[in-house]
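Observations on chain architecture
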Amino acid sequence: MSIYEKNYIIQSSDVDMFRRLRISKLFTFMQEAAIHHTEQLGAGRAKTLDRGFLWVVTMQHAEIRRLPEYDEKVRLVSWPGKTMHVMFPRYYEMYDEKGDCIISGSALWMLMDMNTRKMIFPDAEGISVEGTLTGREYPLPKPVKPVETDRKVDFTVSYSYADINGHLTNTKYFDIAQDLTGFSKDGKVPSYVFAEYSGEARFGESFEISVKEDDNYIYLSGTKDKKIFSVRMDY
């Protein structure tokens, strides 16, 4: 059984003005855990990035029981599921010092060709990640049903929002969502967060964001020539 664990002390740069871990930072922690663990399992940059293959997240979500706060110690646990044709499942848990699981989540990853931006078939390239079964696997994400939106916002991918893959960092979508909702400025914490990435917005590109904010959720959908992403946060 292969499980990755890492301890964190939540830093000032990790939190918002309410001293709670930012949603974008939470998913950054989870993403980095997946990448580091995948390297340990023999599918690191020598087999992927150095050959022009990029790891990308297609969908991810998390149930948040409580967000850790500034200077709090937490433990992040992550492990891979059994590969599903071209999809690599990944599971996450975050524990506080009392040993309580405060966050559970999962994601679906895939490999993309850096030049063609097309999906890679891992078996054909000799890339594999052995899955682990713990019995604590959080259900894998499924597409969220679109909702009718009532306002639109234009957005351009700036330098600080682009990542190693040359497109809008997947965790930045959560910052965009929280910037557009009144829940955040009121200090409310989402109990559930979901994101689906069906396309990409590269550095310098502009796209339109459609927004719906209701009494207990915010939903965003981004469109360029076609749909790029959707994000939902339930409060």
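Below: a short report on this structure. Every residue gets a number counted from 1 within its own chain, in the order that chain's sequence is written. At least 70 in pLDDT is required for a residue's local features to be given in this predicted model, at least 80 for side-chain atom pairs to be given and counted, and no such filter applies to totals for whole chains, interfaces and linings, which use all residues. To obtain the side-chain values, all non-hydrogen atoms of the structure were included, while hydrogens and water were left out.

1. Details of the sheet that holds strand β8 (residues 206-213)
- With antiparallel pairing, 10 strands are arranged side by side in an open sheet as β1-β3-β4-β5-β2-β7-β10-β9-β8-β6. Of all strands in the sheet, those bounded by a partner on one side alone are β1 (4-9) and β6 (151-156). Between one strand axis and the next, the sheet turns through 20 degrees on average, direction left out of account.
- Pairing of β1 with strand β3 (residues 73-80), which is carried by six bridges, proceeds in the antiparallel orientation. Across the sheet, residue Y8 finds its bridge partner in β3, namely V74.
- Across the face of the sheet, helix α2 (residues 172-179) comes into contact with β2 (53-64), β6, β7 (192-197), β8, β9 (217-223) and β10 (227-234) while running at roughly 60 degrees to β10. Here a strand pair is declared whenever DSSP counts at least two bridges between the two strands. Strands here mean DSSP runs of E at least two residues long; helices mean DSSP runs of H or I at least four residues long; both are numbered from the N terminus. Every axis in this analysis is a line fitted to C-alpha atoms, fitted for helices over the stretch in contact. Angles between the N-to-C directions lie between 0 and 180 degrees. Contacts are assigned to residue pairs that have any heavy atoms within 4.5 Å of one another.

2. A word on the side chain of S78
- Turning to its location among the elements, S78 is positioned in strand β3.
- On the basis of relative accessible area, S78 is assigned to the buried category, the value being 0%.
- A distance of 3.0 Å separates the side chain of S78 from the backbone oxygen of Y91, its partner in a polar contact.
- Residues contacting S78, with those up to four places away along its chain left out, are I3, Y4, A33, H37, R90, Y91 and Y92. Think of it in three bands: residues with accessible area under 20% of the maximum for their type are buried, residues over 50% are exposed, and the middle band is partly exposed, with areas taken using a 1.4 Å probe on protein chains only. Distance and chemistry together define a polar contact, namely a pair of N or O atoms within 3.5 Å, with one atom able to donate a hydrogen and the other to accept it when in protein, and with adjacent residues in sequence counting only for side-chain atoms on both sides.

3. Focus on the layout of surface pockets
- A cavity here means a set of 1 Å grid points, computed over protein atoms only, where a 1.4 Å probe fits but cannot escape. A pocket is an open set with protein on both sides within 12 Å along at least 5 of 7 lines, and lining residues have an atom within 4 Å of a point. Grid points are joined across faces, edges and corners, and a volume is the space filled by probe spheres set on the points. What the second largest pocket holds in volume is close to 270 Å³.
- If you go around the second largest pocket, you meet 17 residues; those closest to its centre are D16, F18, R22, Q178 and S184.
- Of all the secondary-structure elements, those providing two or more residues to the lining of the second largest pocket are α2 and α3 (182-185).
- The biggest single contributor to the lining of the second largest pocket is α2, with three residues.

4. Quick notes on the nonpolar core
- Residues belong to one nonpolar core when they are buried, are Ala, Val, Leu, Ile, Met, Phe, Trp, Tyr or Cys, and are joined through side-chain atoms within 4.5 Å. The biggest cluster of nonpolar side chains holds 54 residues, and the ones touching the most others in it are M94, L168, F174, F207, I209, L220 and F229.
- A total of seven residues in this core trace back to one element, the largest contributor, which is helix α1 (residues 23-40).
- For M94, the residues in contact, after removing those within four places along its chain, are L21, L26, F29, P68, V74, R75, L76, D100, C101, I102 and I103.
- Counting six residues, the second largest nonpolar core, distinct from the first, contains L108, Y138, Y192 and F194.

5. Here we look at the side chain of N170
- Here N170 shows up in the loop between β6 and α2.
- Classification of N170 by relative accessible area gives buried; the value is 10%.
- Within polar-contact distance, the side chain of N170 engages the side chain of Q31 at 2.7 Å.

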